[in-house]
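# A closer look at the structure
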Amino acid sequence: MKFILLFLSAALVNNFVLRYFLGICPFLGVTGRVESAVAMGLATTFVMTITSILIWLINHFILVQFNLPFLQYVVAILVIASLVQLIEMFIRKASPALYRSLGIYLPLITTNCAIFFVALLIPLRGYSFIESIVFGFGAGLGFTLVMLVMAGIREQLDFADVPEPLQGAAITLITAGLLALAFMGFTGLITV
């Protein structure tokens, strides 16, 4: 039950995009189409999950053992950058069209502060190995869920009669604000 609550907390209650406003760049930039939003969300989920595993292992077995906690930031950056390079090479090879549609946002996963936040919260909160995996995976799926919802809304807005002053970035930011308000409804349901 503890793991389910941790997962729901990371995915819904404390959603990185809508509660902490982390990962806004891909959230606003890639959500024009559902396909690209889902691909970006799944790539980010993969990186978050693997980052959680590697950060816990490196922190627990190397940084803490050798009294090197000051290297946490550097290690997190190196782990994230390496994983993103692997994902980028895989997507470029497996689906060139998807690679082109993600454009600059794919390498920007490296600087996605949501992933960096996961890497820093795991040692800070003292999660166990399994808790780290659940937390990283939950945060990633929460990111993917929000990307999917926003992309679906934005695709529908293409057919809506939006007043001219609100078209483009304005309606996107209003929609993001309304989504953040909607997700605030989950606040207080789970405290982890």
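Our subject is the structure listed above.
The structure contained in this document is the topic of the report that follows. (Residues numbered from 1 in each chain as written. Predicted model: local features only at pLDDT ≥ 70, side-chain atom pairs only at ≥ 80, totals over all residues. Heavy atoms only, no water.)

## Notes on the overall build of the protein chain
For clarity, the threshold we go by: Note on conventions: DSSP H or I runs of at least 4 residues are helices, E runs of at least 2 residues are strands, and numbering of each starts at the N terminus. Note on method: radius of gyration uses C-alpha positions; expected globular size equals 2.2 Å times residues raised to 0.38. When a residue's accessible area, from a 1.4 Å probe over protein chains only, is under 20% of the maximum for its type it is buried; when over 50% it is exposed; and in between it is partly exposed. Should any heavy atoms of two residues lie within 4.5 Å, those residues are counted as being in contact. In short, Shrake-Rupley with a 1.4 Å probe defines the accessible areas, and a residue's cover is counted only from the protein chains shown. Neither His nor the chain ends contribute to the count of charged residues, in which Lys and Arg are positive and Asp and Glu negative. For charged residues, the charge sits on one atom: NZ in Lys, CZ in Arg, CG in Asp, CD in Glu.
Scanning the protein chain for helices and strands turns up eight helices and zero strands. Reading the protein chain from its N end, one meets helices and strands in the order α-α-α-α-α-α-α-α. Taking 16 Å as the expected radius of gyration for a compact globule of 192 residues, we find that the protein chain reaches 17 Å, a close match to that expectation. Over its C-alpha atoms, taken along the principal directions, the protein chain stretches across nearly 60 × 45 × 25 Å. The 192 residues of the protein chain split such that 41% are buried. Put simply, of all contacts in the protein chain between residues at least 6 apart along the chain, 79% involve residues at least 24 apart. When the accessible surface of the protein chain is totalled, it reaches about 10,000 Å², and 72% of it is carbon and sulfur. Once the 8 positive and 7 negative side-chain charges of the protein chain are each reduced to a mean point, those two points are 13 Å apart.

## Some remarks on helix 6 (residues 113-125)
Put simply, the rule is: What a helix is expected to span follows from its residue count: subtract one and scale by 1.5 Å.
Between its first and last C-alpha, helix 6 extends 18 Å over 13 residues, near the 18 Å set by a 1.5 Å rise per residue. Listed as buried for helix 6 are Ala 114, Ile 115, Val 118, Ala 119, Leu 121 and Ile 122. Turning to helix 6, the residues buried within the fold contact helix 3 (34-63), helix 4 (72-94) and helix 7 (129-157). One or two positions beyond helix 6, positive phi appears at Gly 126, with a value near 65°.

## Thoughts on the pattern of salt bridges
Just so we agree on the cut-off: By salt bridge we mean one thing: a side-chain nitrogen of Lys or Arg within 4 Å of a carboxyl oxygen of Asp or Glu.
Following the criterion strictly, the structure yields three salt bridges and no others. Of the charged contacts in the structure, one is a salt bridge between Glu 88 and Arg 92, with a shortest N-O distance of 3.7 Å. Remark: Arg 92 and Glu 88 occur in helix 4; sequence separation between them is four residues, near one turn of the helix. Here Glu 88 falls in the buried class, since its relative accessible area comes to 8%.

## Let's talk about the environment of Thr 110
Looking at the secondary structure, you find Thr 110 in the loop between helix 5 (96-102) and helix 6. Ignoring sequence-local partners within four residues, the contact set of Thr 110 consists of Ile 80, Ala 81 and Val 84.

## Here's the deal with the nonpolar core
Inclusion rule: Remark: nonpolar core denotes a set of buried residues (Ala, Val, Leu, Ile, Met, Phe, Trp, Tyr, Cys) joined through side-chain atoms within 4.5 Å.
One finds Phe 16, Leu 18, Phe 27, Ile 109 and Phe 135 to be the most contacted residues of the largest nonpolar core, which totals 47 residues. Among the secondary structure elements, those contributing two or more residues to this core are helix 1 (2-13), helix 3, helix 4, helix 6, helix 7 and helix 8 (169-183). With nine residues, helix 3 is the largest single contributor of residues to this core. Those residues in contact with Phe 27 that lie beyond four places of it in its chain are Val 17, Leu 18, Val 146, Met 147, Met 150, Ala 176 and Leu 179.

## Side note on the side chain of Ser 52
Residue position: Ser 52 is located in helix 3. You can call Ser 52 buried: its relative accessible area is 0%. In contact with Ser 52, other than residues within four places in its own chain, are Val 118, Ile 122, Ser 132 and Gly 136.

## Here's the deal with helix 8
Compared with the 21 Å implied by 1.5 Å per residue over 15 residues, the 21 Å span of helix 8 between its first and last C-alpha is a close match. Contacts from the buried residues of helix 8 go to helix 1, helix 2 (24-29) and helix 7.

## Here's the deal with the packing of helix 3 against helix 4
Just so we agree on the cut-off: Where helices are involved, their axes are fitted lines through C-alpha atoms of the stretch in contact, as for all axes, and angles between N-to-C directions lie from 0 to 180°. Two helices crossing with the near one rotated counterclockwise from the far one by less than a right angle form a left-handed crossing, whereas a clockwise rotation gives a right-handed crossing. Note that Gly is not counted as nonpolar here; it falls among the polar residues with everything else outside the nonpolar set of Ala, Val, Leu, Ile, Met, Phe, Trp, Tyr, Cys and Pro and the charged set of Asp, Glu, Lys and Arg.
Contact geometry of helix 3 with helix 4 gives a least axis separation of 9 Å together with a crossing angle of 145°. Two packed elements cross with a definite hand, and for helix 3 against helix 4 that hand is right-handed. Between helix 3 and helix 4, the contacting residues are Ala 43, Phe 46, Val 47, Ile 50, Thr 51, Leu 54, Ile 55, Ile 58, Asn 59 and Leu 63 on the first element and Gln 72, Val 75, Ala 76, Val 79, Ile 80, Leu 83, Val 84 and Ile 87 on the second. By residue class, the composition of the contact of helix 3 with helix 4 is 15 nonpolar, three polar and no charged.

## Observations regarding the packing of aromatic side chains
For the record, the criterion: Aromatic pairing here means that ring centres of Phe, Tyr or Trp (its six-membered ring) are within 6.5 Å. Orientation follows from the plane angle: under 30 degrees is stacked, over 60 is edge-to-face, and everything else is tilted.
By the definition in use, this model includes ten aromatic pairs. Their ring planes at 45° and their centres at 5.1 Å tell us that Tyr 127 and Phe 135 sit as a pair that is tilted. Each member of the pair, Tyr 127 together with Phe 135, is buried. In this structure an aromatic cluster arises from ring pairing among Phe 16, Tyr 20, Phe 117, Tyr 127 and Phe 135.

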